[in-house]
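Each chain, letter by letter, is given below.
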Amino acid sequence: MRGNNILGILFANVHDEKVHELTEVRTLASAPFGGRYRLIDFPLSNMVNSGINKVGVITNNNYQSLLDHLGSGKAWDLSRKREGLYILPPFGTENSRYVNRVEALSAISNFIVNSREEYVLLCDCDIVCNIDYGEVLASHIKNNADITVVYKSGKLPTHDSDTVTLSTSPEGRVVELLVNPTQEGECNYGMSMSLLRRDLLLRLVHECVSRNAYDVYRDIMQRNLNNLRIFGYEFTGYAANICSINSFYEANMALMLPKVREQLFNPMRPIYTKVRDDMPTRYGLGSVVKNSLVADGSLIEGEVENCVIFRGVKVAKGAKLQNCIIMQDTVIGENSSLSYVVTDKDVQIQNDRTLMGFQSYPVFIAKGSVV
Amino acid sequence: MLPKQEVVAMLLAGGQGSRLGVLTRNQAKPAVPFGGKYRIIDFPLSNCVNSGIETVGVLTQYQPLELNEYIGSGQPWDLDSMNAGVHVLPPYQRARGSDWYKGTANAIYQNIRFIDRYNPDYVVILSGDHIYKMDYSKMVAFHKEHEAACTIAEQEVPMAEASRFGILNTNEDGSIYEFDEKPKHPKSNKASMGIYVFTWSKLRQYLEADEADKKSGKDFGHDVLPAMLAAGEKMMAYNFSGYWKDVGTIESLWEANMDLLNPNVPLELNDNDWKIYARNQALPPQYIAATANVQNSIISEGCNVYGTVDFSVVSSDVYIAPDAVVRDSIIMPGARIEEGAVVQYAIVATGSVVGAGSVVGERPENMENKEDWGVAVVGPGCRLAPESKVAPKEMIDAEEAAKK
């Protein structure tokens, strides 16, 4: 049965500056990922697969590609008469743009007040994973928690500029929460997903705004560690944190591992995305493809090794691609050779070009460039 | 009352398609997978939307479950509109006399009320077993221009093959004076494509007359069209020269799939101005492993390829194990080809498993007796035990496979 009394709220822009290469022309939420997806497909599909019927997407700028991608929400089964998808761009004249989460939540407080769900799940778009929020809710209820924060245990993601780490008591209550610690190595780090009651969220946001405090972690959680029952929920599946072009590159490359694909693309909880109606991929005579992920609508006539190829890409005869991420509708000319290159959408690499990056420094070619 | 629609399309999808054997044992022919991610019915449905026809009736009768589910609301083809859209029309019970569809003409006759609701000027009759891209609006314009009662699409076939088709013999102005069903000595090479445009008021009148005729076989080709011709109605032949293929037999289904791999065959499915729409599954991109060897093939989403694929069409969610070889074959959705299996000149249907080391089909050049050669078919849901053999031309279903 569908419906679990949770209102989903997604922040589309909050980590934009971390992957500035990709977000110059879009929100982080609409950044392409894994051959056919946009990052928002993961949290959005997770919500839908967990029975969430109503999702608000908060965005504040650069949202053309996001709107284009989401459309009516049909692809996620969120184009519905009762509830569905709500896109929440800045509204009103006073504060033209939201700068942080609390401000945004305060600006959409009418939307939250008018919703009927008992709980709210707040989620960013920088984590790629397949998680069942039903289990988060069950743990929240079992712990009689005020706020449940989802975390992962492991090595702190490198390059991240605003990590949150937490320590929990044996029963799972958060006893310490640090923002941007100097910590290294194994720890529990936040996955920017938290669950709480809707009326509590409204109260906390209102309290923050009235004190001119605007940080979810510092002003809501850190200050209230003793007053509120804040619990952690440990997610043990595969998760990738997209916080730089390097981590974006590594997360794409990790998709070549069967174990990662198995967890992310669980057929019982599929990841939905906008449909393009391309024909299946065509492989030409003499094409050589090894260890690569290839999406529909592509035409491969050259050599491709360790690459992620998005929809509608053309790789001409004699072209050689190694360790590359080639986004939608890019054309790779004859006899060109690319290694450790990330091309954004609609890039044209002309014949006989050679581009080389390095694993720790992939070359990025901006959207629509001609090389 | 519904707003008037100038053109209503009626798609005949009720036939059994018995020549496809095990492939259509549990589903109607139009629902048979084609070209990796499509079903046969995607072609006429997409042609309709691309031609601006927004009202489509799909006449179903034989094994409609999968087809109904596939069509659904019609949303993948943009046919879920408010006042028009796609409608599945099975035979139904009436207060006085109810019956199955007794023939193509009777199927339309039983749905006169459906068509009348839209008060159309023209009705396009289509069948669900052809692969082609055609702009029906041009054909309707031709029909209007010639003020015909009926226009039949025709394609010129090689004279040597003409005796396999229904042939249209025409006057110089393109009007038809004779139908020749599979003639021994054809007078022309204009083969009927089974696509008709009728002026609705005329067709309605002839359908009622045909229904009253006890001797009629209730079939368009055998009864209604000859009756119209005999009555002196203006009937035109409309030439279509693009790619068109009947996929009613195992051989032609196999050939039409292989045509997608041939760059010289004019069937481009990535044409942005004439897309072929299909219902999409939410599947990840295909993964081609380091051990794989893929050439000259079409591969769909969700596949995991570890073996060799050459000159083949591989549908979505297929697994091809290391050291498995797939050549000149069609692998339908969800099938698994296990380690070391060799599949050549074969069709492996939806959800089948070809066990490790099995051999399915054979290359014609390796056959001693060429007469015995043909495409091998592994039916839907077969689980072939390891080291099984399926000979060329053989067709095996799930029950037989379980006994083997």
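Everything discussed here concerns the structure shown above.
Reading the values: rules and limits
Residues numbered from 1 in each chain as written. Chains lettered and ligands numbered in written order. Predicted model: local features only at pLDDT ≥ 70, side-chain atom pairs only at ≥ 80, totals over all residues. Heavy atoms only, no water. Helix = DSSP H or I, 4+ residues; strand = E, 2+ residues; numbered from the N terminus. Rg over C-alpha atoms; globule rule 2.2 N^0.38 Å. Contact = heavy atoms within 4.5 Å. Areas by Shrake-Rupley, 256 points an atom, 1.4 Å probe, with all protein chains shown as cover. Lys, Arg positive; Asp, Glu negative; His and termini not counted. Charge placed at Lys NZ, Arg CZ, Asp CG, Glu CD. Buried < 20%, exposed > 50% of the residue type's maximum accessible area, 1.4 Å probe, protein only. Pairing = 2+ DSSP bridges. Polar contact = N/O pair within 3.5 Å; in protein donor to acceptor, adjacent residues only side chain to side chain. Buried area = accessible area lost by both parts, 1.4 Å probe. Salt bridge = Lys/Arg side-chain N within 4 Å of Asp/Glu carboxyl O. Nonpolar A, V, L, I, M, F, W, Y, C, P; charged D, E, K, R; others polar. 1 Å grid on protein atoms, 1.4 Å probe; cavity = no way out; pocket = protein on both sides within 12 Å on 5 of 7 lines; lining within 4 Å. Points joined across faces, edges and corners; volume = space filled by probe spheres on them. Core = buried A, V, L, I, M, F, W, Y, C linked by side-chain atoms within 4.5 Å.

**Brief notes about the overall build of chain A**
Looking only at helices and strands, one finds ten helices and 28 strands in chain A. The C-alpha radius of gyration computed for chain A amounts to 21 Å, which stays within 12% of the reference 21 Å derived for 371 residues, consistent with globular compactness. With respect to the three principal axes, the spread of C-alpha positions in chain A is 65 × 45 × 40 Å. Partitioning the intrachain contacts of chain A with sequence separation of at least 6 by distance along the chain shows that 60% fall at a separation of at least 24. In the form shown here, chain A has an accessible surface area of approximately 15,300 Å², with 46% of it arising from carbon and sulfur atoms. Computed over 38 positive and 41 negative side-chain charges, the inter-centroid distance for chain A is 5 Å.

**Looking at the overall build of chain B**
The secondary structure content of chain B amounts to nine helices and 31 strands. Taking 2.2 N^0.38 as the reference for a compact globule, 404 residues should give roughly 22 Å; the C-alpha atoms of chain B span a radius of gyration of 22 Å, in line with that estimate. Taken along its principal axes, the extent of the C-alpha atoms in chain B is 65 × 50 × 45 Å. For chain B, buried positions account for 57% of its 404 residues. Contacts in chain B between residues far apart in sequence, at least 24 positions, make up 57% of those at least 6 positions apart. Distance from the positive charge centre (37 side chains) to the negative charge centre (53 side chains) of chain B: 5 Å.

**Details of helix 2 (residues 41-49) of chain A**
Residue and element names in this part refer to chain A. With respect to burial, helix 2 is a largely interior element, eight of its nine residues being buried. Looking at helix 2, one finds that the buried residues are Asp 41, Phe 42, Pro 43, Leu 44, Ser 45, Asn 46, Met 47 and Val 48. Gly 51 occupies a position one or two residues after helix 2 and carries a positive phi of about 90°.

**Looking at the sheet that holds strand 25 (residues 341-343) of chain A**
The strands that make up a sheet pair up through hydrogen bonds in the backbone, lying either parallel or antiparallel. If you walk across this open sheet you meet the eleven strands as 28(A)-25(A)-22(A)-19(A)-16(A)-14(B)-17(B)-20(B)-23(B)-26(B)-29(B), and the pairing is mixed. Each having just a single partner strand, strand 28 (363-365) of chain A together with strand 29 (383-384) of chain B make up the two edges of the open sheet. Sheet topology note: the strand 17 (residues 304-305) of chain B/strand 20 (residues 319-320) of chain B ladder contains two bridges and is parallel. Note that in strand 20 of chain B the partner of B:Asn304 across the bridge is B:Tyr319.

**Some words on helix 7 (residues 220-230) of chain B**
All names here are of chain B. Within helix 7 the residues assigned to the buried category are Phe 220, Asp 223, Val 224, Leu 225, Met 228 and Leu 229. If you check the start of helix 7, you find a side-chain oxygen 3.0 Å away from the backbone N of Gly 221, and it comes from Asp 219. Directly after helix 7, the chain includes Gly 232, whose backbone phi takes a positive value near 85°.

**Focus: the interface of chain A and chain B**
By a frequent convention, interface size equals the accessible area lost on bringing the separate parts together. Residue-level contacts link 34 residues of chain A with 34 residues of chain B. Both faces combined, the contact of chain A with chain B buries some 2,800 Å², and carbon together with sulfur accounts for 48% of it. Taken as a group, A:Asp277, A:Met279 and A:Tyr283 account for 23% of the area that chain A buries against chain B, more than any other trio of residues on that side. Taken together, the links from chain A to chain B amount to three salt bridges. Across the pair B:Lys275 and A:Asp278 runs a salt bridge whose closest N-O atoms are separated by 3.8 Å. Our count for the contact surface shared by chain A and chain B stands at 22 residue pairs in polar contact (both at pLDDT 80 or more). Broken down by secondary-structure element, the contributors of at least two residues to the side of chain A that touches chain B are helix 10 (258-264), strand 14 (281-283), strand 15 (288-290) and strand 16 (292-294) of chain A. Residues that form the side of chain A that touches chain B fall into these classes: 16 nonpolar, nine polar and nine charged.

**Quick word on the side chain of A:Asn13**
Residues and elements named next belong to chain A. Here Asn 13 is to be found in the loop between strand 1 (6-11) and helix 1 (20-23). Given a relative accessible area of 8%, Asn 13 falls into the buried group. At 3.0 Å, the side chain of Asn 13 and the backbone nitrogen of Asn 60 are in polar contact. Filtering out sequence-adjacent residues up to four positions away, Asn 13 remains in contact with Thr 27, Ile 58, Thr 59, Asn 60 and Asn 61.

**A short note on empty space enclosed by the protein**
Residues and elements named next belong to chain A. Counting across every chain of the model gives three cavities of 30 Å³ or more. Quantified by volume, the largest cavity comes out at close to 60 Å³. Looking at the largest cavity, the residues that line it are Leu 105, Leu 122, Ile 147, Ser 194, Leu 196, Leu 201, Val 216, Ile 220 and Met 221. Put simply, the parts of the chain that give the lining of the largest cavity at least two residues each are strand 11 (186-197) and helix 8 (216-221). Among the elements that line the lining of the largest cavity, the one with the most residues is helix 8, at three residues. Residue composition of the lining of the largest cavity, grouped by class: eight nonpolar, one polar and no charged. The computed volume of the second largest cavity comes to approximately 50 Å³. If you go around the second largest cavity, the residues you meet are Phe 11, Arg 101, Leu 122, Asp 124, Ser 192, Met 193, Ser 194, Val 216 and Tyr 217. Elements represented by at least two residues in the lining of the second largest cavity include exactly strand 6 (119-124), strand 11 and helix 8. In terms of residue count, the dominant contributor to the lining of the second largest cavity is strand 11 (three residues).

**What to know about the layout of surface pockets**
The gaps left among the atoms become clear once a water-sized probe is rolled over them. Its boundaries defined by the atoms lining it, the second largest pocket holds a volume of some 930 Å³. Every element with two or more residues in the lining of the second largest pocket is listed here: helix 10 of chain A together with strand 3 (38-39) and helix 2 (65-71) of chain B. Grouping the constituent residues of the lining of the second largest pocket by class yields 16 nonpolar, eleven polar and ten charged.

**What to know about the environment of A:Asn100**
Relative to the elements of secondary structure, A:Asn100 occurs in the loop between strand 5 (84-88) and helix 4 (101-107). In sequence terms A:Asn100 and A:Phe231 are 131 residues apart; their C-alpha atoms lie 23 Å from each other.

**What to know about the side chain of A:Ser336**
Residue and element names in this part refer to chain A. Position of Ser 336 among the secondary structure elements: in the loop between strand 23 (331-332) and strand 24 (337-339). Here Gly 333 takes part through its backbone oxygen, which lies 2.6 Å from a polar atom of the side chain of Ser 336. Once residues lying within four places of it in the same chain are set aside, the contact partners of Ser 336 are Gly 318, Ala 319, Lys 320, Ile 349, Gln 350, Asp 352 and Arg 353.

**As for the environment of B:Leu229**
Residues and elements named next belong to chain B. For Leu 229, the location among the structural elements is in helix 7. It is 46 Å that separates the C-alpha atoms of Leu 229 and Phe 311, two residues lying 82 residues apart in sequence. Aside from chain neighbours lying at most four places away, what touches Leu 229 is Ile 176, Tyr 177, Glu 178, Phe 179 and Met 235.

**Description of the nonpolar core**
Ranked by size, the top nonpolar core spans 75 residues in total, and within it B:Leu23, B:Val56, B:Leu126, B:Met134, B:Ile195, B:Leu253 and B:Ile347 carry the most contacts. Among the elements that line this core, the one with the most residues is helix 8 (residues 250-259) of chain B, at five residues. In contact with B:Ile195, other than residues within four places in its own chain, are B:Ile125, B:Leu126, B:Tyr132, B:Met134, B:Tyr136, B:Met139, B:Thr151, B:Ile152 and B:Ala153. Of all hydrophobic cores here, the second largest spans 48 residues; its members include A:Ile300, B:Ile331, B:Ala335 and B:Ala346.

**Digging into the sheet that holds strand 25 (residues 346-348) of chain B**
Taken together, eleven strands build an open sheet; the order of strands is 26(A)-23(A)-20(A)-17(A)-14(A)-16(B)-19(B)-22(B)-25(B)-28(B)-31(B) and the sheet is mixed. Bordering the open sheet on either side are strand 26 (348-349) of chain A together with strand 31 (395-396) of chain B, each of which pairs with just one other strand. Sheet topology places strand 17 (residues 299-300) of chain A next to strand 20 (residues 314-315) of chain A; two bridges connect them, and they run parallel. The residue bridging A:Leu299 from the neighbouring strand is A:Lys314, located in strand 20 of chain A.

**Focus on the pairing of strand 10 (residues 176-181) of chain B**
If a strand is regular, its side chains alternate between the two faces of the sheet. Residue and element names in this part refer to chain B. Bridge analysis of strand 9 (residues 166-170) against strand 10 gives five bridges, and the strand direction is antiparallel. Paired with Ile 167 across the bridge in strand 10 is Asp 180. The turn joining strand 9 and strand 10, which pair antiparallel and follow one another in sequence, is formed by five residues; a positive phi near 90° is taken by Gly 174.

By themselves, these observations are geometric and do not establish any function.
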